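Now for the letters of each chain:
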Amino acid sequence: MINNLFFDNDGIGEGTFLSKVFLNDGSNELIVYIENESAVKYAEQCIEHFNSMQDEMIDYICNGILKCAKQDGLDEDIELESTRDILKYCWFVALYIDVPTSDKIAYRVEGEGDWGECIGFIIKENEVAYIGNDIFSEEV
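## Here we look at the overall build of the protein
Item 1. When its secondary structure is counted, the protein shows 2 helices and 7 strands.
Item 2. Seen in sequence order, the protein has helices and strands lined up from the N terminus as β-β-β-α-α-β-β-β-β.
Item 3. Relative to a compact globule of 140 residues, whose C-alpha radius of gyration would be 14 Å, the protein shows 15 Å and is just as compact.
Item 4. Evaluated residue by residue, the protein yields a buried proportion of 41% over its 140 residues.
Item 5. Of the contacts made within the protein by residues no fewer than 6 positions apart, 52% connect residues no fewer than 24 positions apart.
Item 6. With an accessible surface of roughly 7,900 Å², the protein has 41% of that area assigned to carbon and sulfur atoms.
Item 7. For the protein, the centre of its 9 positive side-chain charges and the centre of its 30 negative side-chain charges are spaced 7 Å apart.

## Overview of helix H2 (residues 55–72)
Item 1. For H2, which comprises 18 residues, the first-to-last C-alpha distance of 25 Å matches the rise-based estimate of 26 Å (1.5 Å per residue) to within 8%.
Item 2. On the buried face of H2, the contacting elements are helix H1 (40–51), strand E4 (90–97), strand E6 (118–124) and strand E7 (127–132).
Item 3. Count one or two residues on from H2 and you reach glycine 73, which has phi positive near 110 degrees.

## A short note on the sheet that holds strand E3 (residues 29–34)
Item 1. Across the sheet, 7 strands lie side by side as E1-E2-E3-E4-E5-E6-E7; this open sheet has mixed pairing. Both edges of this open sheet fall to strand E1 (3–7) and E7, since each of them pairs with a single strand only. Here the average twist between neighbouring strands, direction ignored, is 20 degrees.
Item 2. Where E6 meets E7, 5 bridges bridge the pair, whose relative direction is antiparallel. Across the sheet, isoleucine 123 pairs through a bridge with valine 128, a residue of E7.
Item 3. Along the sheet, H1 makes contact with E1, strand E2 (13–18), E3, E4, strand E5 (106–113) and E6, crossing E5 at roughly 55 degrees.

Rules used throughout
- Residues numbered from 1 in each chain as written.
- Predicted model: local features only at pLDDT ≥ 70, side-chain atom pairs only at ≥ 80, totals over all residues.
- Heavy atoms only, no water.
- Helix = DSSP H or I, 4+ residues; strand = E, 2+ residues; numbered from the N terminus.
- Rg over C-alpha atoms; globule rule 2.2 N^0.38 Å.
- Buried < 20%, exposed > 50% of the residue type's maximum accessible area, 1.4 Å probe, protein only.
- Contact = heavy atoms within 4.5 Å.
- Areas by Shrake-Rupley, 256 points an atom, 1.4 Å probe, with all protein chains shown as cover.
- Lys, Arg positive; Asp, Glu negative; His and termini not counted.
- Charge placed at Lys NZ, Arg CZ, Asp CG, Glu CD.
- Expected span 1.5 Å × (residues − 1).
- Pairing = 2+ DSSP bridges.
- Axes fitted to C-alpha atoms, helices over the stretch in contact; angles between N-to-C directions.

Spelled out as structure tokens, the structure:
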């Protein structure tokens with residue numbers, strides 16, 4: 001599931017995986033960062049969750065991204081047929097996996113929008129815990 005995985009001297013892992021919904025500028029390959037080599041199996045569980053999100057969660061995330069995009073300067077002339085069309089105007093580059101503090105799934109997803117701002121979301125315990133511009137200011 002995780003391809004090209006390597007760990008640097010600080011123990012931080014980096015690899016790639018294929019995303020099913022949240023794309024990186026038309027590509028389905030995203031980067032995964034793993035805080036510690038002991039969390040590889042957990043990272044694979046997070047990626048599996050990320051790729052099997054329920055439609056309701058995806059729609060909720062898209063609604064949140066759209067709200068942020070409008071606040072941050074998304075062109076008002078853009079017409080979206082559905083909320084998920086906002087994904088045509090943003091891209092996602094990385095999934096961040098911290099060492100788990102419980103057996104519950106938790107991860108951060110980082111991206112950027114055509115409107116010039118970072119956008120991301122945090123999933124924690126199978127819930128969307130945060131959608132916004134600064135995924136690293138929130139606890140996972």
